[in-house]
Amino acid sequence: MEKPPPFRWTVEQYENMIRHGILTENNNVELIRGEIVPKMPKGDLHTWCLKILIRLFGPLSDRTILSVQDPIYLADSAPEPDVVLLAFRDDCYRSVKPRAADALLVVEVADSSLKYDREVKGPLYAENGIAEYWIVNLDGCLEVFRQPQPDGTYADSQVLRSGDSLSLSLLPGVSVAVAEFLP
């Protein structure tokens, strides 16, 4: 007997479950392509890297909104990337939810989640037009993806190491040294 396809939740249904207390922060889940999936646990190195990224991007608060492990709303998903630099808004997104078009940079920190961040989240972000996506690979490199394509790929990808630096594509004049946040 063939297994029926899984039930797919809409973003609105997912938000209603949160609003009514069916899902809480303690559930540690996110909505990916209509499925409610558990988020990967965070190890000490992941937590350290996240703190470094917050410190690194914090000074951009006059130009961006720094979002940490909060949802970004896509067509059929509400992933919670480790870091998102959002376009600046005076209301800090109080009156609207952050969407793909608001994201200047999306960052996932990967140790146990590397394959998932590459094969599931990467295509999801590309399909939704996320302009720049980074995977901080805690094995010692930064994977940078730019120029999203509708087929779920990025036209430009590169792997950077500790001695490298890069400029953010949507934030002119902002450059970071990769060594600052790699172990």
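Rules behind the numbers
- Residues numbered from 1 in each chain as written.
- Predicted model: local features only at pLDDT ≥ 70, side-chain atom pairs only at ≥ 80, totals over all residues.
- Heavy atoms only, no water.
- Helix = DSSP H or I, 4+ residues; strand = E, 2+ residues; numbered from the N terminus.
- Buried < 20%, exposed > 50% of the residue type's maximum accessible area, 1.4 Å probe, protein only.
- Contact = heavy atoms within 4.5 Å.
- Polar contact = N/O pair within 3.5 Å; in protein donor to acceptor, adjacent residues only side chain to side chain.
- Pairing = 2+ DSSP bridges.
- Axes fitted to C-alpha atoms, helices over the stretch in contact; angles between N-to-C directions.
- Salt bridge = Lys/Arg side-chain N within 4 Å of Asp/Glu carboxyl O.
- Core = buried A, V, L, I, M, F, W, Y, C linked by side-chain atoms within 4.5 Å.

Chemist: Got a minute to help me understand the side chain of S67 in this structure?
Modeler: Counting through the fold element by element, S67 comes out in strand β3 (residues 64-68). What makes S67 buried here is its relative accessible area of 8%.

Chemist: Where do I start with the environment of E132 in this structure?
Modeler: Note that E132 resides in strand β6 (residues 132-137). Taking the C-alpha atoms as reference points, E132 and V11, 121 residues apart in sequence, are found 23 Å from one another. For E132, the contacting residues outside a window of four places in its chain are L104, L105, V106, V144, F145, R146, L166, S167, L168, S169 and L170. A distance of 2.8 Å separates polar atoms of two side chains, one belonging to E132 and the other to R146.

Chemist: I'm lost on the sheet that holds strand β7 (residues 141-148) in this one. Help?
Modeler: Remark on secondary structure: sheet strands pair via backbone hydrogen bonds, oriented parallel or antiparallel. Ordered by their spatial adjacency, 6 strands build an open sheet running β3-β4-β5-β6-β7-β8, and the pairing between neighbours is mixed. In this open sheet, the two strands that pair with only one neighbour each are β3 and β8 (154-160). The average angle at which neighbouring strand axes cross in this sheet is 15°, direction not considered. Pairing of strand β4 (residues 83-87) with strand β5 (residues 103-110) involves 4 bridges; the strand directions are antiparallel. Residue L85 lies in a different strand from β5, and its bridge partner there is L105. The sheet strands contacting helix α2 (residues 44-57) are β3, β4, β5 and β6, and the helix crosses β5 at an angle near 155°. Each of β5, β6, β7 and β8 is contacted by helix α3 (residues 114-127), which is oriented at about 175° to β6, the strand it contacts most.

Chemist: Whenever I open this one, the pattern of salt bridges confuses me. Can you help?
Modeler: Side chains that carry opposite charge are capable of pairing whenever their charged atoms lie near each other. Per the stated rule, a full pass over the model turns up 9 salt bridges. For K39, the salt bridge goes to E80, with nearest N and O atoms at 2.5 Å. With K39 in the loop between β2 (35-38) and α2 and E80 in the loop between β3 and β4, the pair connects residues that are 41 residues apart, well separated along the chain. E143 is the salt-bridge partner of R118, the closest N and O atoms lying 2.5 Å from each other. Of this pair, R118 sits in helix α3 while E143 sits in strand β7; the two residues are 25 residues apart in sequence, bridging distant segments of the chain.

Chemist: Which parts of the structure should I look at to understand the nonpolar core?
Modeler: One recurring pattern in soluble globular proteins: nonpolar side chains tend to sit buried together. Ranked by size, the top nonpolar core spans 27 residues in total, and within it L53, F57, W134, V136, L142, L168 and F181 carry the most contacts. Of all the secondary structure elements, the ones that give two or more residues to this core are α2, β4, β5, β6 and β7. For this core, the element with the most residues is α2, which contributes 6 residues. In contact with F57, other than residues within four places in its own chain, are L66, V83, L85, L105, W134, L168 and V176. Core analysis: the second largest hydrophobic core is formed by 21 residues, I65, I72, A110 and I130 among them.

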